[in-house]
Structures are given as C-alpha cells and as structure tokens.
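# Close look at the chain arrangement
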Amino acid sequence: MRVARRVLRQMMFPQVRLSLLDRSRTRAGEPDAAALRHTVERARRAEDLGYHRFWVAEHHAVPGIASGSPPVLIAAVAARTERIRVGSGGVMLPNHQPLVVAEQFAMLEALYPGRIDLGVGRSLGFTPPVRRALRRDSAAPDTFAADLTELRAYLDGSAPVTVRPRLALPVPVFVLATSRGLAIAGDAGLPVVLGGPVLDDERIGEKLADYRARVRAAGAEPYVVVSRDVLVADSVAAARELALPEAWALAAARTTGQFPALEPADVGRPLSARQRSLVEEAVDRTVHGDEETVAEALAGLLARTGADELLVSTSTFDRAALRDSDARLARMFTAVRT
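Model, not experiment: these values are computed from the prediction.

Attention now moves to the sheet that holds strand β1 (residues 17–22). Spatial strand order, β1-β2-β3-β4-β5-β6-β7-β10: eight strands in a closed barrel with parallel pairing. Direction aside, neighbouring strands of the sheet carry axes that sit 25° apart on average. Contacts from helix α11 (residues 291–305) reach β7 (224–228) and β10 (309–312), with the element oriented near 145° to β7.

In structure tokens form, the structure reads like this:
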C-alpha cells in the first residue's frame, strides 16, 4: 500500500474526487430485487468510505440490470444515506419529456437538498423492441441539445412553465458524452462525464482541450469526470478473476444481443473465438491489479485527461470482493488527500 500511495502522490492530482456508479447488476440465481438492495447497501458503504457521489443507471428490459428508473432508485439511496451526493449516470433524455425529468429531480432535490445530481445521456433503448416500447424511432432526428436546453430552463426557472417544487438553486446537470457530446456539453457550459472507448482515443487530450475552451467561452468552469471499471485485489491475477464475469457478459451482449446476469468466474462456459477475443478486450479495458498496479494505471488516465473526478463503474459477481475493492480504492485516494 505504501508504494501505491507514493505512486499516486507523485503522478495524480491530489484534488481528484472519487465516486461510484452502480448499475444494479443482477446475479444468476438471485431475484432482481436483490440487485437493488445491494445498490442501496453499496451506497451506504461508499458514504462511510468517503466517496464523493454515488450514481445509478437507466437501462430498460436488460436481463443483467435491475435499474430502469433512476429517480425511484435515487430516492431509495438518498433515504438510506446522509451526506453523499446521489444522482443518475444517467437519465437517457431521448426516452423522457424534459418537463417530467425536471419535476422528478426538483422533487428529489427538495427532499434531499444539496445532495442530488442529474446526469443525462442520449442513448436509445438497447434493442429494437425496447425502442418501440419507449416510442423511440432510431431514425428520428437527434434533439438532445434542444432537450437539454429545455430541461435546464425548467430547472433554473426561466421556462414559461414553472416546475414544482420550486428550488432556490437548480440541480447540477452533467452530460454523459461521446465525442459529439463533448461539444454539446462545452457549448452548454456543463460538466462532462466520459467513459468507454473515447478515453483510449489518442486525440482525447485535443478533444478535452476543445471542450474546456467551449465551456470557458460559455462563461463557466470546465469539469471533467472520467468513468472506468476498476478492481483492486491482492494480485493482478486475483483482480483479473474478478473482472471476468462482467467481461463474459459484455462478450455475450456483443455476440448474442443479450446482456446477461453475472455468473461466478469459475462457471464453465463454451466460448467462440470471437467471444474469447471480446472477453480479453473487456478485461484489458478494466483497470485491475494490486494497489501499485492500479495506482499507476489511474495516474496515467488522470494525467492524460486532466480529470477532476474518477467515477468507478465496477461490477463483479463476488459481492465481498467488490466491497473489498471499493474499500482499497477509497483508502488509496484518501492517502493522496492526507
């Protein structure tokens, strides 16, 4: 641990915040409700460990994810915690009327003042049947930027319709972004959340510089959150084992169209050559290892992006190992700040 702390002190920014995104992953052999209860429990532990914020996700009709309604789950998490910020990572704005989203989050902020975040994204439903159920046409025009403007107007009280309950201050809005989303977030002067392949883009520094310039031109201060799967264990091999259940699920989603519940790492499963390749790619994208290995990888990511915050989005089948990983990571960041 001392080596990891030294690496972090030398290479990371001491002001970087640490947060969690929990997607309420289901597990084989358990009811979906268990995943939701685990989300609430994880939030309570995250608060005790000193995490800055705890976000939940929106996915519809996905076997591997129990969270389809972020506002409802946020209310449950906020009711069982006291200090940690709670929010959405994110609400998929194309699926909702901006007025309804504004009302939901105004209600949450009124009930839990100073603790609610609204992260918004622009992804559509996972499959064609889900998109049809959501009344979304994948060929419809992209209205995300306009919807975002309308949503913010409801939240800050400048819209022709007054959202109730009225708030003294609007709920903070974050944009979950790809390359195009960076420009939208920048022009709107909003914080941005980046995850997935865009973080490995060799032009990420250039794209973030453009985002920061746009934010400042809009009269605001840039704020960058990077989201990555991170698993800390006693060794690289042990952490890799923890990464396998999520990697297998991602490989299944890419090849079968179904994102399944998590299964133990030692479950035997026949994999095609394509699936084996996808599993390895997913494991490689996960920051995993002992404290020193993880510290060095995170230091590189944060230096490359100049991020203000790390939002960890880790899932694994073994809940005890996940608790341990969350605690180890929190201690590493606490060591930097003290």
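What follows deals with the pattern of salt bridges. Counted under the stated rule, the structure contains 19 salt bridges. Across the salt bridge formed by Arg214 and Asp210, the nearest N and O atoms sit 2.7 Å from each other. Of this pair, Arg214 and Asp210 both sit in helix α8 (residues 204–217), four residues apart, roughly one helical turn. Note on Asp210: relative accessible area 38%, which makes it partly exposed. Between Glu280 and Arg240 there is a salt bridge, and its shortest N-O distance comes to 2.6 Å.

You can see Arg228 is positioned in strand β7. In terms of polar contacts, Arg228 uses its side chain to reach the side chain of Asp200, at 2.6 Å. The contact partners of Arg228, leaving out residues within four places of it in the chain, are Gly196, Leu199, Asp200, Arg285, Val287, Leu301, Leu310, Leu311, Val312 and Ser313.

With respect to the helices and strands, the residue Ala35 is situated in helix α2 (residues 32–49). Taking the C-alpha atoms as reference points, Ala35 and Leu99, 64 residues apart in sequence, are found 29 Å from one another. The contact partners of Ala35, leaving out residues within four places of it in the chain, are Ser24, Arg25, Thr26, Ala66 and Arg319.

Here is what the cut-offs are and how they apply
- Residues take numbers from 1 onward in each chain, read along the sequence in its written order.
- Per-residue local features are limited, in this predicted model, to residues with pLDDT of at least 70; the limit for side-chain atom pairs, both in listing and counting, is 80 or more; totals at the level of whole chains, interfaces and linings are taken over all residues.
- Neither water nor hydrogens contribute to the side-chain values; these are computed over all heavy atoms in the structure.
- Here, a strand pair is defined by DSSP locating no fewer than two bridges between the strands.
- A run of H or I in DSSP counts as a helix once it spans at least four residues, and a run of E counts as a strand once it spans at least two, with each numbered from the N terminus.
- For every element, the axis is a line fit to its C-alpha atoms; helices are fit only across the contacting stretch, and the angle between N-to-C directions ranges from 0 to 180 degrees.
- Every residue pair with non-hydrogen atoms within 4.5 Å of one another is taken to be in contact.
- One speaks of a salt bridge when a side-chain nitrogen belonging to Lys or Arg is within 4 Å of a carboxyl oxygen belonging to Asp or Glu.
- For each residue, the accessible area found with a 1.4 Å probe, counting protein chains only, is set against the maximum for its type, and the residue is called buried under 20%, exposed over 50%, and partly exposed in between.
- Contacts described as polar in this section are N or O atom pairs within 3.5 Å, which, within protein, must combine one atom able to donate a hydrogen with one able to accept it, while residues neighboring in sequence count only if both atoms come from side chains.

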